Amino acid sequence: MALEDKVRDIIVEQLGVNADQVKPEASFIEDLGADSLDTVELVMAFEEEFGQEIPDQDAEKLTTVGAVIEYLKGKNIGD
Amino acid sequence: MGCLDGKIALVTGAGRGIGRAVAEKLASEGADLALCDVKVEWLAETEAAVKGMGRKVISVAADVSKAAEVDAAVDAVQAACGRIDILVNNAGITRDGYLARMSEEDWDAVLDINLKGTFLMTKAVAKLMMKQKSGNIINIASIIGLIGNAGQCNYAASKAGAIALTKSTAKELASRNIRANAIAPGFIETKMTDALPEEIRKKMLDAIPMRRFGLPADIAHAVLFLASDASAYLTGQVLSVNGGMVM
C-alpha cells in the first residue's frame, strides 16, 4: 500500500471521517474536526504504523494531511 | 454473574495488603486479573486465590518506578489478555522520618514508587485505553495526601501528587470514555501500618469516630464501586474511606 493510502486509513480510523475528506490540504483541527488530544493520538498512531519516533517539535508542525506525508517521505518512510 | 464479567483488571502491588484484597474482590465479581508486583513470587498467594474463583490470571513483575519494566509488564498483559479495562495503581511504600532528618534517598524512593510509578503505569495503560475508547483508572492515594502527617512528608507529598495526577488524568481522558478516580484510605490494617508504634496506633484509633481500624476489604469494596458501572458518572473524585477520621 502506498504511503498516502496508509496515512489516509489511519486518519479515517482515528478521526472517524470519510476517506474523501482526507485531502492533502485538509487541516486536522479545522477541517477534520480533531481536538488537540486527537492530534496526539494521530501522531502515536503514525509512530506505531511506521516504526518511527516523531519528536514533539516535529509533531507540532504536522497540522495537515500533506504535512504528514511530506514529513514521512522526508524520513524515507514508505518508499 | 458478577458486575465485572468479561473485564480485565490490572492491579499493582497485588501481592499483599490492599492490593491483594482488591484483586480478589474484582475477581469475585467476574473480572480476569493481571497481577503486578516487584517479584512474581510475591504474587503466588493472590494468584492461587484468584484461580480458585475460576478467573484467569497472569502475574507480571515490575518495579513501577522504572519505565522500561512498566512498559514490558503492560505489553505482556496486553499480549495475554488483549485489553485492559481496569487499572488499579496500588503499589506504594513508606519511608517515614521527620522532615528535618529526611534523607534525599528516602524522599526519592517514596516519590518514585508512589507518584512516578502511578504516572508511568497510567501512561502505559492509558495508551491502550485510548485505543479501546474505554477504561477505568483507580489510584490508591491516602488520607495523608489530604491532611499531611508529621513524619511522612514524603508519603504525604506522593499521595497528594497522586490525587492531582488523578484529576488531570480524568480531565484529559474523559472524552475517550476513560474515568479516573482516587481512593483515600484512612488507617487500614496492613503490613504497612503494623510497623507503626503502639502509641501512634492508639492515637489514630482515638481519632476514628467509628472506633475501628479499616480492613483491606473496606478499600476493596470502594474499588469495586469505582470499577463498576455503579459509578458511571463519577470521575476525577477522591473517595475517602476512613471510618470518619476526616470529613
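Residues numbered from 1 in each chain as written. Chains lettered and ligands numbered in written order. Predicted model: local features only at pLDDT ≥ 70, side-chain atom pairs only at ≥ 80, totals over all residues. Heavy atoms only, no water.

Visitor: How would you explain the overall build of chain B if you had to name every residue and give the values?
Guide: Each helix and strand in chain B was counted, giving nine helices and seven strands. Taken against the 2.2 N^0.38 rule, which gives 18 Å for 247 residues, the C-alpha radius of gyration of chain B at 17 Å falls within 12% of a compact globule. In chain B, which comprises 247 residues, the proportion classed as buried is 51%. Approximately 11500 Å² of chain B is accessible, and the part contributed by carbon and sulfur atoms is 55%. Distance from the positive charge centre (28 side chains) to the negative charge centre (27 side chains) of chain B: 5 Å. (Helix = DSSP H or I, 4+ residues; strand = E, 2+ residues; numbered from the N terminus. Rg over C-alpha atoms; globule rule 2.2 N^0.38 Å. Buried < 20%, exposed > 50% of the residue type's maximum accessible area, 1.4 Å probe, protein only. Areas by Shrake-Rupley, 256 points an atom, 1.4 Å probe, with all protein chains shown as cover. Lys, Arg positive; Asp, Glu negative; His and termini not counted. Charge placed at Lys NZ, Arg CZ, Asp CG, Glu CD.)

Visitor: So what's going on with the interface of chain A and chain B? Residues and values would help.
Guide: Contacts between chain A and chain B engage six residues on the former and eight residues on the latter. Regarding the contact of chain A and chain B, the summed buried area is about 580 Å², with carbon and sulfur atoms giving 49% of it. When the buried surface of chain A facing chain B is broken down by residue, Leu37(A), Glu41(A) and Met44(A) rank first, second and third, together holding 70% of it. The salt bridge involving Arg176(B) is made with Glu41(A); its shortest N-O contact spans 2.5 Å. Linking chain A with chain B are four residue pairs in polar contact (both at pLDDT 80 or more), by the criterion used here. The residue makeup of the side of chain A that touches chain B, split by class, is two nonpolar, no polar and four charged. (Contact = heavy atoms within 4.5 Å. Buried area = accessible area lost by both parts, 1.4 Å probe. Salt bridge = Lys/Arg side-chain N within 4 Å of Asp/Glu carboxyl O. Polar contact = N/O pair within 3.5 Å; in protein donor to acceptor, adjacent residues only side chain to side chain. Nonpolar A, V, L, I, M, F, W, Y, C, P; charged D, E, K, R; others polar.)

Visitor: Run through the sheet that holds strand β2 (residues 32-37) of chain B, naming residues and quoting values.
Guide: All names here are of chain B. A sheet is described by the order of its strands in space; here seven strands give the open sequence β3-β2-β1-β4-β5-β6-β7, paired in parallel fashion. Two strands in the sheet have a free side with no partner beyond their single neighbour: β3 (57-61) and β7 (238-241). Direction aside, the axes of adjacent strands within the sheet are offset by 15 degrees on average. As defined by bridge partners, strand β5 (residues 135-140) adjoins strand β6 (residues 178-185) across six bridges and the pair is classed as parallel. For isoleucine 137, the partnering residue across the bridge sits in β6 and is alanine 180. Here helix α4 (residues 104-132) sits on the sheet in contact with β1 (8-12), β2, β4 (86-89), β5 and β6, set at roughly 175 degrees to β4. Across the sheet, helix α6 (residues 153-173) lies against β5, β6 and β7, angled at about 160 degrees from β6, the strand it touches most. (Pairing = 2+ DSSP bridges. Axes fitted to C-alpha atoms, helices over the stretch in contact; angles between N-to-C directions.)

Visitor: Describe the nonpolar core, and please don't skip the residues or the numbers.
Guide: Residues and elements named next belong to chain B. One finds Leu26, Leu33, Val88, Ile138, Ile183 and Val223 to be the most contacted residues of the largest nonpolar core, which totals 30 residues. Mapped onto this core, the elements with two or more residues apiece are β1, α1 (17-28), β2, β4, β5 and α9 (216-227). The greatest single-element share of this core, amounting to seven residues, is contributed by α9. Aside from chain neighbours lying at most four places away, what touches leucine 26 is Leu4, Ala9, Val11, Ala31, Leu33, Val88, Val223, Leu224 and Ala227. (Core = buried A, V, L, I, M, F, W, Y, C linked by side-chain atoms within 4.5 Å.)

Visitor: Go over unusual backbone geometry, please, and point to the residues and values.
Guide: Residue and element names in this part refer to chain B. With a phi angle near 60 degrees, lysine 133 is a residue other than glycine that sits in the positive phi range. Structurally, lysine 133 is set in the loop between α4 and β5. A relative accessible area of 41% places lysine 133 in the partly exposed class. Here asparagine 177, not a glycine, exhibits a phi torsion of approximately 65 degrees, which is positive. Relative to the helices and strands, asparagine 177 resides in the loop between α6 and β6.

Visitor: Summarise the pattern of salt bridges; cite the residues concerned and give the values.
Guide: Tallying each qualifying case throughout the model produces 18 salt bridges over all chains. For Asp35(A), the salt bridge is made with Arg176(B), and the minimal N-O distance between the two is 3.5 Å. In this pair, Asp35(A) sits in the loop between α1 (3-15) and α2 (36-50) while Arg176(B) sits in the loop between α6 and β6, so the two residues belong to two different chains. Relative accessible area serves as the criterion here: at 6%, Arg176(B) is assigned to the buried category. Close ionic contact of Glu45(B) with Arg20(B) constitutes a salt bridge, the shortest N to O distance being 2.8 Å.

Don't take any of this as a statement about function, it's just geometry.
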